[in-house]
Amino acid sequence: MKILSVQSLAIPDVKVIRFARFCDERGYFSEHFRTSDFQSHPTLAQAIPQPFVQCNEAFSRRGTLRGLHFQWQPKMGKLVRALAGRLIDFVLDIRPGSSTFGKIIGYDLPAVRERDFAEWIWVPPGFAHGTLLPEDTTIEYFCTASWNPAAEAAISPLAADFDWSLCDAALTKLFADVVAEGVLMTDKDRFAPSLTDWQADPRSALVTG
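**Q** Help me out: how do you make sense of the nonpolar core in this one?
**A** Note that soluble globular proteins tend to have their nonpolar side chains buried in a common cluster. Grouped together as the largest cluster of nonpolar side chains are 25 residues, with contacts concentrated most on F70, F90, L92, I94, I155, F162 and W198. Among the secondary structure elements, those contributing two or more residues to this core are β6 (64–71), β8 (86–93), β11 (127–133), α3 (169–181) and α5 (195–199). Those residues in contact with W198 that sit more than four places away from it in its chain are F70, W72, I94, A153, I155, P193, R203, S204 and V207.

Below, the structure is given as structure tokens:
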């Protein structure tokens, strides 16, 4: 795996990992993950100390909104990328005591075959994760823990009590526009607690980075 760069976003614990594609007239080849390259990278070895134990793939139709999901036992981090289509990834800090608690950021991850690179986004434990799909999209994500339905929850992405000040203005507008058009989402996500309601839940103290 040829890692080209590791970028910290507006919430520095969230990283974007750019890796190379090797292109010619036939198309491209890419080694998109190798454990040893993550473990030997000076930034990633510290940022992602746990091994990945599960890999998931999801297809979403245009206008789908998923999230904001999180799991606290065992703590789960996610490494996410778009295989086809366009993924807008949203990350909300829900770590008690964090200087960026309640702030949400977004990152645009289109799947562009013509590029000589592609990208992962790393969402650490302690963050609620959501995806907005402005077109038919397939995503893949590696997890540092297996799913535990007894210790996972969601915050509604439609809640009005987030702080969007760190989010790119264009992505904030895109989110608002897609929501105004009417999004595809589950009732479980739509009617999930607000951030304020989650703070009042005793389980919120269990969420740590």
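**Q** I'm lost on the packing of aromatic side chains in this one. Help?
**A** Two aromatic rings are characterised by how far apart their centres lie and by the angle between their planes. The final tally for this structure, using the stated rule, is 14 aromatic pairs. Ring centres of F19 and W120 lie 6.4 Å apart, and the angle between their planes is 40°; on these two criteria the pair is classed as tilted. Here the residue F19 occupies a position in strand β2 (residues 15–20), and W120 occupies one in strand β10 (residues 117–123), the gap between them amounting to 101 residues. Comparing F19 with W120, the two get one shared label, buried. Judged by centre distance (5.6 Å) and plane angle (80°), the rings of F33 and F52 are edge-to-face. Remark: F52 occurs in the loop between α2 (44–47) and β5 (54–60) and F33 occurs in the loop between β4 (27–29) and α1 (35–40); sequence separation between them is 19 residues. Site record: aromatic cluster; members linked through ring pairs are F19, F33, F38, F52, W120, W122 and F142.

What counts, and at which threshold
Residues numbered from 1 in each chain as written. Predicted model: local features only at pLDDT ≥ 70, side-chain atom pairs only at ≥ 80, totals over all residues. Heavy atoms only, no water. Core = buried A, V, L, I, M, F, W, Y, C linked by side-chain atoms within 4.5 Å. Buried < 20%, exposed > 50% of the residue type's maximum accessible area, 1.4 Å probe, protein only. Helix = DSSP H or I, 4+ residues; strand = E, 2+ residues; numbered from the N terminus. Contact = heavy atoms within 4.5 Å. Phe/Tyr/Trp six-rings, centres within 6.5 Å; stacked < 30°, edge-to-face > 60°.

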